[in-house]
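Structural overview
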Amino acid sequence: MKVLAVLALVAAAAPFLRAAGQGGEGDGAGPLPFAVGAAPAGCDIGQGEWVRDEAARPWYQEWECPYIQPQLTCQAHGRPDKGYQNWRWQPRGCSLPSFNATMMLEMLRGKRMLFVGDSLNRGQYVSLLCLLHRAIPDGAKSFETVDSLSIFRAKDYDATIEFYWAPMLAESNSDDAVVHRVDDRVIRGAPMDKHSRFWQGAHILVFNSYLWWTAEDKIKILRGADNDLSKDIVEMKAEEAYRLVLYQVVRWLERNADPKNSRAFFVTASPTHTDSAAWGDEAEGGNCYNQTTPIGDASYWGSTSREMLRVTEEVLATSRVPVGVVNITQLSEYRRDGHTQTYKRQWSEPTPEQRADPRSYADCTHWCLPGVPDTWNELLYWKLFFPSNDQAL
Ligand SMILES: *[C@@H]1O[C@H](CO)[C@@H](O)[C@H](O)[C@H]1NC(C)=O
Ligand SMILES: *[C@@H]1O[C@H](CO)[C@@H](O)[C@H](O)[C@H]1NC(C)=O
Ligand SMILES: *[C@@H]1O[C@H](CO)[C@@H](O)[C@H](O)[C@H]1NC(C)=O
């Protein structure tokens, strides 16, 4: 009788429990740090569909999360619709446990989690703070930003969740966390320790880098140690410069990350929706402005560079330490409705001509919160706690 009851329990939990001794992400070296279970075999969480879920989404309200920067508070800036908040991502053919803030905080006890990248990664970081902070009483949490580093502390858990601004991961002329709008991209070839010394000792690292490589075809690389742009400079195709930098990040992880106590992830490209012709809109000059529903065509793919994605895939595949890929690209491609449009704090006041045609200054790159980045964190949660035994997924 007792044995039967235990068997029944195991059977109920079976889809997610990792069999003892089983590897993670295919390396056969024992379970990955932070894993409490495994994704069902063959489950590719990046493929699936958006399902309307007004009962369970959004997970939090814009006004109750104090960490959202004014560039992402769409309701506060007059966005008339709210439907973009009510979508849940359903992977095809499999389901995983839903996001549990208390569980995640318990797992982060005594740990340091760090996001490194650009404004899209910062959006994901803030989304995670919004998802977690309600489980922490006031007075037991703090948030501060000094230069390129933001630190959220959950005091009772002795945990920090941090963001480090490095949009091209390598040292670049876009490194100022506030003033970084430059036309000519210049990166330093090596070393990368100006940034990476801040990454040292993190238990969970979440990188992204895509957008800043796509503005121009070529990127300048400074090879010497000084800042003199007149010497020791080479120009490279953006994809090749990106490949070079990703290699350095992977080599840095191999030398510095402790695979027994830490995990690293790379979040793939966040797509933009700057041309509505891409989804068959016949009106001229349209973009994400006024879009209120996701794209229904499962095969939709916009302007995201397949070549850049290939570089990401190829370089990460060379890593001798596991690097999880959080593949957000396809699911975000469908979300033409999720961007901040004109409903955000503007860098400069729109001109009367711009106001006459809001499409002309709509932001079709960044995402409202709550919104699409909450789902990126759900994928990250699954990858961290329920990793697949198949590295590619
Ligand atoms: C969330 O996780 C906590 C701690 O592991 C657990 O006690 C709680 O039951 C979980 N909540 C849900 C809804 O599963
Ligand atoms: C946006 O939608 C409003 C309301 O449906 C409509 O009046 C307006 O013409 C639309 N603007 C654009 C640029 O499509
Ligand atoms: C992410 O998914 C897209 C399409 O689903 C695929 O083309 C791409 O190769 C994937 N990227 C990585 C790094 O796995």
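All of these numbers come straight from a predicted model, not from anything done at the bench.

Reading the values: the criteria
Each chain has its residues counted from 1, running along the sequence as written. Whichever chain is written first becomes A and whichever ligand is written first becomes 1, with later ones labelled in order. Local features are withheld for residues below a pLDDT of 70 in this predicted model, meaning they are given only at 70 or higher, and side-chain atom pairs are given and counted only at 80 or more; totals for whole chains, interfaces and linings count all residues. Derived side-chain values reflect all non-hydrogen atoms in the structure, with water molecules and hydrogen atoms excluded from consideration. Two rings belonging to Phe, Tyr or Trp (six-membered ring only in the last case) form a pair when the distance between their centres is within 6.5 Å. Interplanar angles under 30 degrees mark stacking, angles over 60 mark edge-to-face geometry, and anything in between is tilted. For the purposes of this entry, the term helix denotes a DSSP run of H or I that reaches at least four residues, the term strand denotes a run of E that reaches at least two, and both are numbered from the N terminus. Think of it in three bands: residues with accessible area under 20% of the maximum for their type are buried, residues over 50% are exposed, and the middle band is partly exposed, with areas taken using a 1.4 Å probe on protein chains only. In this scheme, Lys NZ or Arg CZ marks a charge over a ring once it lies within 6 Å of the ring centre and within 35 degrees of the ring normal. Each nonpolar core is a collection of buried residues, namely Ala, Val, Leu, Ile, Met, Phe, Trp, Tyr and Cys, held together in the definition by side-chain atoms within 4.5 Å. In what follows, residue pairs with any heavy atoms lying within 4.5 Å of each other are defined as contacts. When DSSP finds two or more bridges between two strands, those strands count as paired. Whether a residue is near a molecule or strand is decided by its heavy atoms; if any one of them lies within 4 Å of it, the residue is near. Shrake-Rupley sampling with a 1.4 Å probe provides the accessible areas, and residues are treated as covered by the protein chains on show and by no other component. Think of pLDDT as the predictor's per-residue confidence, scored from 0 to 100. Here a polar contact means two N or O atoms within 3.5 Å. Within protein one must be a hydrogen donor candidate and the other an acceptor candidate, and residues neighboring in sequence count only if both atoms are side-chain atoms. Axis lines are fitted to C-alpha atoms, over the contacting stretch for helices. Their N-to-C directions set the angle, which ranges from 0 to 180 degrees. Only a pair of cysteine sulfur atoms within 2.5 Å qualifies as a disulfide here.

**Things to note about the packing of aromatic side chains**
According to the stated counting rule, one finds 17 aromatic pairs in the structure shown. Aromatic pair Tyr67 and Phe152: ring centres 5.5 Å apart, planes at 85 degrees, arrangement edge-to-face. With Tyr67 in the loop between strand E1 (48-52) and strand E2 (87-91) and Phe152 in strand E5 (residues 149-154), the pair connects residues that are 85 residues apart, well separated along the chain. Neither Tyr67 nor Phe152 differs from the other in exposure class; each is buried. Three or more aromatic residues joined by ring pairs form one cluster here, namely Trp59, Phe99, Tyr381, Phe385 and Phe386. When the ring centre of Trp50 is taken as origin, the NZ or CZ atom of Arg335, which lies over that ring, is 4.5 Å away.

**Looking at the nonpolar core**
By size, the foremost hydrophobic cluster in this structure holds 103 residues, and its most contacted members are Met104, Met113, Ile161, Leu205 and Leu253. Per element, the largest residue contribution to this core is 9 residues, and it comes from helix H5 (residues 238-256). Apart from the residues within four sequence positions on either side, Met104 is in contact with Phe99, Met113, Leu128, Leu132, Tyr381, Leu384 and Phe385. Among the nonpolar cores identified, the runner-up in size contains 8 residues, and Cys288, Ala362, Cys364 and Cys368 belong to it.

**Re the pairing of E2**
Here E2 lies mainly inside the structure; 4 of its 5 residues are buried. Inspection of the sheet shows E1 paired to E2 by 5 bridges, in the antiparallel sense. Of the residues in E2, the one forming a bridge with Trp50 is Trp89.

**Things to note about the site of ligand 2**
In the neighbourhood of ligand 2, the contacting residues comprise Tyr289, Asn290 and Arg359. In isolation ligand 2 exposes 360 Å². Once the protein is present, 29% of that is buried.

**What to know about the confidence of the model for the protein**
Residues at a pLDDT of 70 or more form 90% of the protein, whose mean pLDDT is 90. Residue range residues 1-15 is modelled with pLDDT below 50. Its contacts to residues more than four positions away, or to other chains, number 2 contacts. Confidence over residues 17-27 falls short of pLDDT 50; this stretch has 31 contacts with residues more than four positions distant or in other chains.

**What to know about the side chain of Asp337**
Secondary-structure assignment places Asp337 in the loop between helix H7 (329-333) and strand E13 (339-341). For Asp337, the side chain forms a polar contact with the side chain of Arg335, separated by 2.8 Å. Among residues more than four places away in sequence, those in contact with Asp337 are Arg79, Tyr84, Trp87, Gln291, Thr292, Thr293 and Pro294.

**Considering the sheet that holds strand E10 (residues 233-237)**
An order of E7-E9-E10 is seen for the 3 strands of this open sheet, with the pairing classed as mixed. Every other strand in the sheet has two partners, leaving strand E7 (186-188) and E10 as the edge strands with one partner each. Direction aside, neighbouring strands of the sheet carry axes that sit 35 degrees apart on average. Across the sheet, H5 touches E7, strand E9 (218-222) and E10, and the angle it forms with E10 is around 105 degrees.

**Things to note about the state of the cysteines**
Counted by the stated rule, this structure contains 4 disulfides. Note on cysteine connectivity: Cys43 is disulfide-linked to Cys94, with sulfurs 2.0 Å apart. Classification of the bridge connecting Cys43 and Cys94 rests on its S-S torsion, roughly 70 degrees, and on that basis the disulfide is right-handed. Note that Cys43 is positioned in the loop between helix H1 (2-13) and E1 and Cys94 in the loop between E2 and helix H2 (101-107), a separation of 51 residues in sequence. Accessibility expressed as a relative area gives 8% for Cys94, which makes it buried. The disulfide that involves Cys288 links it to Cys364, with 2.1 Å between the sulfurs.

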